[in-house]
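What follows is each chain in one-letter form.
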Amino acid sequence: NLLCNIESDFFEKNKFNMGSIATKSFVLMLASKQPLNFIQGTTVSLQNVLSQGNRNEFHHIFPKSYLKKLELYEDDKINCLANFAIIARTDNKKISNKSPSEYKSLMPRDNTKLQDILSTHFCDLKMFENDYNKFLQNSSQTLLEFARKLL
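What you are looking at is a predicted structure, and each value in this text was computed from that prediction instead of being measured. (Residues numbered from 1 in each chain as written. Predicted model: local features only at pLDDT ≥ 70, side-chain atom pairs only at ≥ 80, totals over all residues. Heavy atoms only, no water.)

Participant: Looking at this model, I keep getting lost on the packing of helix H2 (residues 21-32) against helix H9 (residues 132-150). Mind explaining?
Facilitator: Two packed helices can be described by the angle between their axes and the distance between those axes. Orientation of H2 relative to H9, taken along the N-to-C sense of each, is 90 degrees, at an axis distance of 11 Å. With respect to their mutual orientation, H2 and H9 come out roughly perpendicular. Here Phe26, Met29 and Ser32 of H2 come into contact with H9, specifically with Leu143, Phe146, Ala147 and Leu150. (Axes fitted to C-alpha atoms, helices over the stretch in contact; angles between N-to-C directions. Helix = DSSP H or I, 4+ residues; strand = E, 2+ residues; numbered from the N terminus. Parallel < 35°, antiparallel > 145°, perpendicular 65-115°, else oblique. Contact = heavy atoms within 4.5 Å.)

As structure tokens, this is what we get:
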């Protein structure tokens, strides 16, 4: 038997770094949910994403430039695993530096479709409240529950 315990703050304390086991495990968790693009709602092509060392399709859910403007968060908190998703570069460029409540208008208006998209990224509709701390807490908890099921 393999014993493994994941602490509740695992996805907030670990930075996104393709060289780390934590990030590689996180990426596989994301991929297992068959992520949908935020704006297009189409399935992300995982072939390119999962190729050796590709970092081009991993993007901040709360954009880094948006969080930097707020001057409330250090890089470690901005670049934590819980703030990353696999989405197409084209969607990421449209989101740019907008807050989640701003880029929500670019996403499908149908709530069921919107929830389907968010669930593939371990997110929920509360992210559109723009409360980054609450978002990290909710996302981390959802990720933790999924990781524990896998274990």
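Participant: It is not clear to me how the nonpolar core should be interpreted in this structure. Could you clarify?
Facilitator: In globular proteins that are soluble, nonpolar side chains generally tend to be buried together. In this structure, Phe11, Phe38, Ile61 and Met127 are the most contacted members of the largest nonpolar core, which totals 43 residues. Put simply, the parts of the chain that give this core at least two residues each are H2, helix H4 (64-70), strand S2 (84-86), helix H8 (111-119) and H9. Residue contributions to this core peak at seven residues, all from H9. (Core = buried A, V, L, I, M, F, W, Y, C linked by side-chain atoms within 4.5 Å. Buried < 20%, exposed > 50% of the residue type's maximum accessible area, 1.4 Å probe, protein only.)

Participant: Where do I start with the pattern of salt bridges in this structure?
Facilitator: Two side chains that carry opposite charge are able to pair once their charged atoms sit near each other. Scanning the entire structure with this criterion turns up four salt bridges. In this structure, the salt-bridge partner of Glu129 is Lys134, at a minimum N-O distance of 3.0 Å. Since its relative accessible area comes to 33%, Lys134 is described here as partly exposed. (Salt bridge = Lys/Arg side-chain N within 4 Å of Asp/Glu carboxyl O.)

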